[in-house]
Amino acid sequence: MPKKRENIILKGIGVSSGIAIGRAHLIERGRVEVEERPIKKGQVEKEVTRFRRAVEQSKLQLQRVKEKLLKESAKEHVYIIDAHLLILEDKMLIDDTIKNIRERLIGAEGALKRHMHNLSMIFDRIEDEYLRARKSDIEQIGERILRNLVGKKHDGLSHIKEKVIIVAHDLTPSDTAQMKKDKILGFVTDIGGRTSHTSIVARSLEIPAVVGLDNVTQQIMPGDIIVLDGMTGVVIINPPKSVFKAYLERSQNYQYFEEELLRFKKLPAVTKDGHSVRLAGNIELPEEIPSLSEHGAEGIGLYRTEFLYMGKRLPVEEDHFETYRKLAEGVAPYSATIRTLDMGGDKMVSHIEWAEEINPAMGLRAIRFSLKEVELFQTQLRGILRASAYGKLKIMFPMISGMQELRQAKGILEEVRKELDSKGIAYDREMEVGIMMEIPSAAAIADILAREVDFFSIGTNDLIQYSLAIDRVNEHVAYLYEPLHPAIIRIIKGIVDSAHAAGIKVSMCGEMAGEPAYVPILLGLELDELSMNAPVIPWVKKIVRAMSASEAKKLLRDVMAFSTATEIEGRVREHMAELFPDEFVR
Ligand code: PEP
Ligand code: MG
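Each chain carries its own residue numbering, running from 1 in the direction its sequence is written. Chains carry letters and ligands carry numbers; both start at the beginning, A for chains and 1 for ligands, and go up in the order they are written. In view of the model being predicted, local features appear only for residues whose pLDDT reaches at least 70, and side-chain atom pairs are presented and counted only at 80 or more, with totals across whole chains, interfaces and linings using the full set of residues. Excluded from the side-chain calculations are hydrogens and water; all other atoms, namely the structure's heavy atoms, are used.

Participant: Residues and numbers for the overall build of the chain, please.
Facilitator: A tally of regular secondary structure across the chain gives 24 helices and 16 strands. Expected size for 586 residues packed as a compact globule is a radius of gyration near 25 Å; at 25 Å, the chain falls within 12% of this value. Here the C-alpha coordinates of the chain stretch approximately 80 × 65 × 45 Å along the principal axes. Relative to its 586 residues, the chain shows a buried fraction of 54%. Looking at the chain as shown, the accessible area adds up to about 26,100 Å², and 52% of this sits on carbon and sulfur atoms. To qualify as a helix, a DSSP run of H or I must reach at least 4 residues; to qualify as a strand, a run of E must reach at least 2; elements of each kind are numbered from the N terminus. We take the radius of gyration over the C-alpha atoms and set the globule estimate at 2.2 Å times the residue count to the 0.38 power. Partly exposed describes any residue whose relative accessible area lies between the buried limit of under 20% and the exposed limit of over 50%, with all areas from a 1.4 Å probe on protein chains only and scaled to the type maximum. Per-residue and other accessible areas were derived by the Shrake-Rupley procedure at a 1.4 Å probe size, with only the shown protein chains allowed to occlude residues.

In structure tokens, the structure reads:
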């Protein structure tokens, strides 16, 4: 019997704000695994009929969901079910699958799988990211038909009688549309993003949700108590009493809390004694741009470009250019910081050949990969430079460990500039070039690196991982992952001091920057910019405006005399509980 785990803190993407506290209810949504089964000519018609029946059954199921939604006056979500019903009418789906049965002499399941596979390849080639993301709707329909073919029940949510938090690998939009607020307190999933239909529906139903948690279904056991914060993306499994109580209080005043926070979105992030800090957003898709202005972000502090490489083919220059141009135009008058590819480690794409690495987090990732695959790197750089003519872009290299790498990367950038010059292609000649500070060796020579870049951006997710030797995705050592470890505070302070001495600015774009409780420490550290998940910005802004830079510096001085993260965390929480008794616990 595994030991009951307590106070496990996970971080995903908060896609629908609100606090939910309750018992976990795991639902099975694994893929239906089927083998391609050869059939005899005489069995063809039987398989065709089985397939047609499964399609009809799927339609009936969705019709029932639709009727239910209409009865429950949840009409605004019916369009999603209608879209799924339309997919079921799709001639290509029906004809292709039947053709596969007849010509390839295979069973209905295998024939459908083949069609789904081909469709998925077509979708991956679609340029528009929003449309490409609709692939999941089609896949969900395919899975529904498959379930009906193999007689596997769709583990619905309508039978749930107690108030629970749903834990699933993935959820379909129709699952979400059927969720009743009085039964389903919230949901958490392994996969998903802000722009999936499931997330969109969750937001409009105001059901708190956190997605993209990687392996939450393996970490949570049935009956565990979970707290989820759909604003910050934090999920806590079996929290201690004090945390439980604090979240409970916050959840009771949540609506008021959220409305009050939004009052801050248009106000400047300035402390009482006139010190300002830029609050920017971290995003991965141009479709998230509206969320930036909705929450008062001043531009994009980190645009992760890995998503562009997730399709079945590598992005070409136009893919890069179009994406970054949308960003440049979309965030005007602010700027967007584009980080060049940070692939490798825990971020992998299937169609790039990766050598087996014993320790991928320390392997050929990020800038190391780009410097090896120079053509791929140049393609991305060309896209960024060309897009820089359409607004204010900054470029940032990830995982720089020393000066040599920086000079090499800048050298390639210079070559690309010259190439564009020779062709008369416009780009922003003043575009700032910066680096992520996420490797201890770079932090140790921050003063040297600062001479050759325009800015630093501290990636605390990796900086903590490498400084404390804690694998960021290993749940066994997660308890040692301490952002307020005295070593981390000293390292950050060293980076900021070196940067300021050289006259350059420092941003922080790791998760630490979006932790409201840490705002006084971050202010005390004199960071110039904090970049975070956009929905947290109003809260951080409220805290910045309620503090003075001098009191933040004093708090920092005090905690820097402490020897452990626990003592520092305790002092910081105590300070926040005094200032904001409704929002923080000691
Ligand atoms: C970081 O390491 O803090 C960071 C922002 O980059 P990523 O999480 O993408 O590695
Ligand atoms: Mg990183």
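Having seen the structure, we can now continue with the description.
Participant: Can you break down the coordination of the magnesium ion (ligand 2) residue by residue, with the values?
Facilitator: As a rule, N, O and S atoms within 2.8 Å of a metal are its donors, except that Na, K and Ca use 3.2 Å; water is not among the atoms, so sites may look incomplete. The protein atoms that coordinate the magnesium ion (ligand 2) are Glu-438 (OE) and Asp-462 (OD), at distances of 2.1 to 2.2 Å. Residue Glu-438 is found in the loop between strand S13 (433-437) and helix H17 (440-444), and its partner Asp-462 is found in helix H19 (residues 460-468); the two are separated by 24 residues along the sequence. By the burial criterion, Glu-438 is buried, and Asp-462 matches it.

Participant: Residues and numbers for the packing of aromatic side chains, please.
Facilitator: Aromatic contacts are taken between Phe, Tyr and Trp rings whose centres are within 6.5 Å, Trp giving its six-membered ring; a plane angle under 30 degrees counts as stacked, one over 60 as edge-to-face, and the others as tilted. Evaluated as defined, the whole model comprises four aromatic pairs. When the centroid spacing of 5.7 Å and the interplanar angle of 55° are considered together, the rings of Tyr-254 and Phe-257 count as tilted. Taken together, the residues Tyr-254 and Phe-257, both in helix H11 (residues 254-262) and three residues apart, mark about one turn of the helix. Given the relative accessible area of 7%, Tyr-254 is considered buried. One aromatic cluster is present, formed by Tyr-254, Phe-257 and Trp-539 through successive ring pairs. Consider the ring centre and the ring normal. A charge sits over the ring if Lys NZ or Arg CZ is within 6 Å of that centre and within 35 degrees of that normal. Sitting over the ring of Tyr-390, Arg-325 keeps its end group 5.4 Å from the ring centre. Lying over the aromatic face of Phe-321, Arg-386 brings its terminal NZ or CZ to 4.1 Å of the ring centre.

Participant: Requested: an account of the environment of Met-431, with residues and values cited.
Facilitator: With respect to the helices, strands and loops of the structure, Met-431 is situated in the loop between helix H16 (403-423) and S13. In this structure the C-alpha to C-alpha distance between Met-431 and Tyr-247, which are 184 residues apart in sequence, comes to 44 Å. Note on definitions: a residue-residue contact is assigned when non-hydrogen atoms from the two residues lie within 4.5 Å. If sequence neighbours within four positions are ignored, Met-431 has contacts with Ile-384, Leu-385, Ser-388, Leu-393, Lys-394, Ile-395, Arg-417 and Asp-454.

Participant: Help me get a handle on the side chain of Thr-189, residues and values and all.
Facilitator: Within the element layout of this structure, Thr-189 appears in strand S5 (residues 184-189). Classification of Thr-189 by relative accessible area gives buried; the value is 2%. Whenever a nitrogen or oxygen atom comes within 3.5 Å of another N or O atom, the pair is scored as a polar contact, on the condition that within protein one atom can donate a hydrogen and the other can accept it, and that pairs from neighbouring residues in sequence are kept only if both atoms are in side chains. In terms of polar contacts, Thr-189 uses its side chain to reach the backbone carbonyl oxygen of Ile-191, at 2.7 Å. If sequence neighbours within four positions are ignored, Thr-189 has contacts with Ala-168, His-169, Asp-170, Leu-171, Val-210, Val-211, Gly-212, Leu-213 and Val-216.

Participant: Hey, could you go over the layout of surface pockets for me, with residue numbers and the actual values?
Facilitator: Cavities and pockets were defined on a 1 Å grid built from protein atoms only: a cavity is a group of points that admits a 1.4 Å probe but offers it no way out, a pocket is an open group of points flanked by protein on both sides within 12 Å along at least five of seven lines, and a lining residue is one with an atom within 4 Å of any such point. Grid points are joined across faces, edges and corners, and a volume is the space filled by probe spheres set on the points. Roughly 830 Å³ of internal volume is contained in the second largest pocket. In terms of lining residues, the second largest pocket is bounded by 30 residues, among which Ser-17, Gly-18, Glu-206, Tyr-254 and Glu-258 are the most central. Looking at the lining of the second largest pocket, the elements that each hand over two or more residues are strand S2 (13-16), strand S3 (19-27), S5 and H11. Throughout, the ten residues Ala, Val, Leu, Ile, Met, Phe, Trp, Tyr, Cys and Pro are labelled nonpolar, Asp, Glu, Lys and Arg are labelled charged, and all others, Gly among them, are labelled polar. Across the lining of the second largest pocket, the residue classes break down as 13 nonpolar, eight polar and nine charged. Residue ranges for the domains originate in an automatic or database domain assignment. In terms of domain composition, the lining of the second largest pocket takes at least three residues from each of domain 1 (8-29 + 155-255) and domain 3 (265-579).

Participant: I'd like a description of empty space enclosed by the protein, backed by residues and values.
Facilitator: Taken as a whole, this structure holds five cavities of 30 Å³ or more when the rule is applied. Of the volumes computed, that of the largest cavity is approximately 80 Å³. When residues of the lining of the largest cavity are traced back to their parent elements, those giving at least two are strand S10 (300-304) and H19. Examining the composition of the lining of the largest cavity, we find that three residues originate from one element, H19, more than from any other. Space inside the second largest cavity adds up to approximately 60 Å³.

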